[in-house]
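As a plain string of letters, each chain reads:
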Amino acid sequence: MPLTASTVTRTVSVDGASVTCHDSVTPGELDRPLVLVHGTGGTTASHFGHLFPMMATRTRVILTVDLLVGQVRAVVDELLGPDAAFDLLGYSLGAVVAGQLAADLGRRVENLVLVAGWATTDVHQRLRNEVWRHLYATSPDALARYTAFCGLSPLALRSLTPAMLDGALASLTADEFTARQMDLNARVDVADRLSAVTARTLIVSCAEDIMVPPHHQYELLGIIDDARLTTMTSGHAFFLERPAELMQIVDLYLREPDRHPAGAIIPETHA
């Protein structure tokens, strides 16, 4: 099923790799297309299944599947042209990629949204990553439970019936591509590159995030000159807990990117 009635799935060849993206095609009320880059182990449906069609009512939305900066740039150049300006949103590892791409492209990226992103992997993340890799090698069932525990807030977990929890756990599978992404997660160190970002930037922190805790987003606020920060009451898996809230935050920001000055901490109810 397409994400919207007009969505076109495209494949762009980049250095021998086939990069899949989804393009809503139809322009909307906003002037620039919005490019979405998802996170580790994600798919179009799992990470942006709600956000993509909602934002497609406002603007043309392009979603890339592969997370390497060069591949995302190649998709954007192929679909929009090598000089076109656009807005960019990245989630989790996708926020790392989006931040680097924004630094590389300068003013071509007018507005940047980084959701649950980070600049440098710290010891807390490395320890979680090591546990993940051990469970990946030894117990898929325990890995699914660990992923749910780390990805969802306590409130979200408490709201699940046993049947709902079983269904969620059954969907939390990992493969070798996910493992390669986790290896990259353990080695992220892009603070120096992010200092070159010139785009107006909104940083979105998930207050109950175990995977990428909020101190990482405050670090991003200090690195990127023209950045402001807001918070959602959610675990890392916002797409299961608060997809409509993120839609509202992103839509309002792209409509009024100068509403809050650089350095502002925006209350959750005023984002």
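Not measured: the values here are computed from a predicted model.

Undergrad: Teacher, can you tell me more about the packing of helix α5 (residues 123-138) against helix α9 (residues 176-185) here?
TA: How two helices pack is summed up by the angle between their axes together with the distance between the axes. Running from N to C, α5 and α9 cross one another at 160 degrees; their axes reach a closest spacing of 10 Å. Here α5 is positioned roughly antiparallel relative to α9, judged by the angle of their axes. Where α5 crosses over α9, the handedness of that crossing is left-handed. For the pair α5 and α9, contact is made by Arg128, Asn129, Trp132, Arg133 and Tyr136 and by Glu176, Thr178, Ala179, Met182, Asp183 and Asn185, respectively. Here the residues of the contact of α5 with α9 sort into 4 nonpolar, 3 polar and 4 charged.

Undergrad: Please clarify how the nonpolar core should be interpreted in this entry.
TA: Generally speaking, soluble globular proteins have nonpolar side chains that are buried together. Counting residues in hydrophobic clusters, the biggest one holds 44 residues, and the most contacted among them are Phe86, Leu88, Val109, Leu112, Leu114, Leu194 and Val197. At 9 residues, helix α4 (residues 93-105) tops the list of elements feeding residues into this core. For Leu114, the contacting residues outside a window of four places in its chain are Gly90, Ala95, Ala98, Gly99, Thr201, Leu202, Ile203, Val204, Leu220 and Ile224. Membership of the second largest hydrophobic core comes to 29 residues, among which are Val61, Leu202, Val250 and Ile266.

Definitions and cut-offs
- Numbers given for residues are sequential positions, taken from 1 along each chain in its written order.
- Local features are withheld for residues below a pLDDT of 70 in this predicted model, meaning they are given only at 70 or higher, and side-chain atom pairs are given and counted only at 80 or more; totals for whole chains, interfaces and linings count all residues.
- With hydrogens and water stripped out, all remaining heavy atoms of the structure feed into the side-chain values.
- Axis lines are fitted through C-alpha atoms, for helices just across the contact stretch, and the angle between N-to-C directions can take any value from 0 to 180 degrees.
- Labels follow the DSSP assignment, with helices taken as runs of H or I lasting at least four residues and strands as runs of E lasting at least two, numbered in each case from the N terminus.
- Working definition: roughly parallel below 35 degrees, roughly antiparallel above 145 degrees, roughly perpendicular at 65 to 115 degrees, and oblique for all remaining angles.
- Each helix crossing is assigned a hand: it is left-handed if the near helix lies turned anticlockwise from the far helix by less than a right angle, otherwise right-handed if that turn is clockwise.
- Any two residues having at least one pair of non-hydrogen atoms within 4.5 Å are treated as being in contact.
- When residues are grouped by polarity, Ala, Val, Leu, Ile, Met, Phe, Trp, Tyr, Cys and Pro land in nonpolar, Asp, Glu, Lys and Arg in charged, and all others, Gly among them, in polar.
- Among buried residues, the Ala, Val, Leu, Ile, Met, Phe, Trp, Tyr and Cys ones that are joined through side-chain atoms within 4.5 Å form a nonpolar core.
- Whether a residue is buried, partly exposed or exposed follows from its accessible area with a 1.4 Å probe, protein chains only, as a fraction of its type maximum: under 20%, in between, or over 50%, in that order.

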